[in-house]
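# Summary of structural features
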Amino acid sequence: MHDRSRPTVAASYARAVAQRAADRSSARSSGSLLTADRHDGAPVPPHHRLDLSDVQSLWAQVLDHADDARTGLSVGLGIRPSAFHVLGHLLLDCATLADAAALAVEYHVLVSEAGEVTFQRGPALSRLVYRPVEAARPMVPPQVEAVLAGVVTAGGWVAGPGWVPEAVHFTHPCAGTVADYERALGCAVVFGADVDAVVVRTADLDLTRSVGDGLLASLHREHADRLLAELAVSGSVRLSVSRWLGRGDLREVRAADAAAARHVSERTLRRVLGEEGTSWRELLDTARHERAALLLRTTDMTLTGVARRTGLGSPAALVRAFARWEGLTPGAYREGWRRPTARGGPGERGDGRRVS
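Figured I'd write up the structure that's included with this text. (Residues numbered from 1 in each chain as written. Predicted model: local features only at pLDDT ≥ 70, side-chain atom pairs only at ≥ 80, totals over all residues. Heavy atoms only, no water.)

## Considering the environment of V306
Cut-off, in case you're wondering: Strands here mean DSSP runs of E at least two residues long; helices mean DSSP runs of H or I at least four residues long; both are numbered from the N terminus. Should any heavy atoms of two residues lie within 4.5 Å, those residues are counted as being in contact.
Relative to the assigned elements, V306 resides in helix α15 (residues 303–309). For the pair formed by V306 and L296, sequence separation is 10 residues and the distance between their alpha carbons is 7.6 Å. Not counting residues within four places of it along the chain, the set of residues in contact with V306 comprises A292, L295, L296, M301 and L318.

## Observations regarding the environment of F84
Checked against the element boundaries, F84 lands in the loop between α4 (71–77) and α5 (86–92). The sequence separation of F84 and Y107 amounts to 23 residues, and the corresponding C-alpha distance is 9.8 Å. If near-sequence neighbours (up to four positions away) are discounted, F84 is found in contact with Y13, I79, L91, V111, G150, A154 and W157.

## Notes on unusual backbone geometry
Put simply, the rule reads: Each residue is placed in one exposure class: buried if its accessible area under a 1.4 Å probe, protein chains only, is under 20% of its type's maximum, exposed if it is over 50%, and partly exposed if it falls in between.
The residue H85 is not glycine, and still its phi comes out positive at about 55°. Counting through the fold element by element, H85 comes out in the loop between α4 and α5. For H85, a relative accessible area of 18% gives the class buried.

## Some words on the pairing of strand β5 (residues 115–120)
Rule in force here: Strands pair, by our definition, only if DSSP identifies at least two bridges between them.
The pairing of β5 with strand β6 (residues 125–132) spans 6 bridges and is antiparallel. Within β6, the position partnered with Q120 by the bridge is R127. Hairpin connection of β5 to β6: 4 residues between the antiparallel strands.

## Looking at the sheet that holds strand β8 (residues 188–191)
Hydrogen bonds between backbone groups are what pair the strands of a sheet, and the pairing can be parallel or antiparallel. What counts here: To obtain an axis, a line is fitted to C-alpha atoms, over the contacting stretch when the element is a helix, and the angle between two such axes runs from 0 to 180 degrees between their N-to-C directions.
The sheet built from 5 strands is open, its strands ordered β5-β6-β9-β7-β8 with mixed pairing. Only two strands of the sheet have a single partner each, and these edge strands are β5 and β8. Across the sheet, the mean angle separating the axes of adjacent strands is 15° when strand polarity is ignored. As paired elements, strand β7 (residues 167–170) and β8 share 4 bridges and run parallel to each other. When the bridges of β8 are listed, F170 appears paired with F191. Its contacts with the sheet put helix α8 (residues 178–185) on β7 and β8, and the angle it makes with β8 is roughly 135°.

## Overview of helix α16 (residues 315–326)
The condition is simple: Multiplying 1.5 Å by the residue count of a helix minus one yields the expected span of that helix. Each C-beta atom gives one direction from the helix axis, and the arc is the one those directions make.
Compared with the 16 Å implied by 1.5 Å per residue over 12 residues, the 16 Å span of α16 between its first and last C-alpha is a close match. For α16, the complete set of buried residues consists of A317, L318, A321, F322 and W325. End-on view of α16: buried residues confined to an arc of 130°, all on one side of the axis. Of the residues in α16, the exposed ones pointing more than 90 degrees away from the buried face are R320 and R324.

See the structure below:
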């Protein structure tokens, strides 16, 4: 059982990073890169969990040997389903991009706890957002580029090899030229955006393709659910409570309910969350923010309805909360999201800044 306060990454993904980097670097450096997925001289099984700190060290080694500033992009574009372990098999059996996005949100932690994935569906454009977790050793831009390029690659498995997203957004500055990134990803690329995200046309989400063996897909789903349950027991309490809040009713939710779902006392839950650098109040506030934003983007629900569904009670409380979360009113947020843009994501200008 690993330390609950330390995020982990599946060995299958770490191995893919090392192998791809070794393929693109000199033979002299390949051996040292590939030693990263060995433990006591024996190969680490794909389902084994590595501490994020160890994977960060692997990335540092990869980048030290890199002969290309876009190494992260290369890793993501060269990723194979096996790197995503059971999630890779589930994606191959998806009928639509919408199904794939839902699976990515639900099972991404099986690949890595280094970041959180959310999906935001809009009328014209939608986006899969990636937010790195806070860690003693923050993710560097090539790691984020590898993640988002991997999302683009996986989208091609589902939608077909000719598919490309509308845009890819990075919060960090461009290390080379934007044109190089756009040629590699096949779409518009925005740097200095408000979030790291892959933006897709909403019309593409529900296009159906023929899929494989439904029974096999069901078995993969059962296996993924078992792994998710095991990770919830041994993994980060913060992440598991966040997922629980994301699925639940926020109107009258209590810390005691979350504790009961994990079979621990409320006192223990609050203590462990504190050890992980957060609190029940902070996680609940984040869940309300995400739920309110989702309802404003995807429904015509009144402010009263949104306030009640998120447990805020009144439109006035929702307005105050949104001013704190987004720096604008709920109405302005909804209008900005629904305003179409040429290159940016939903509710953004072409330079990645939010419309207000």
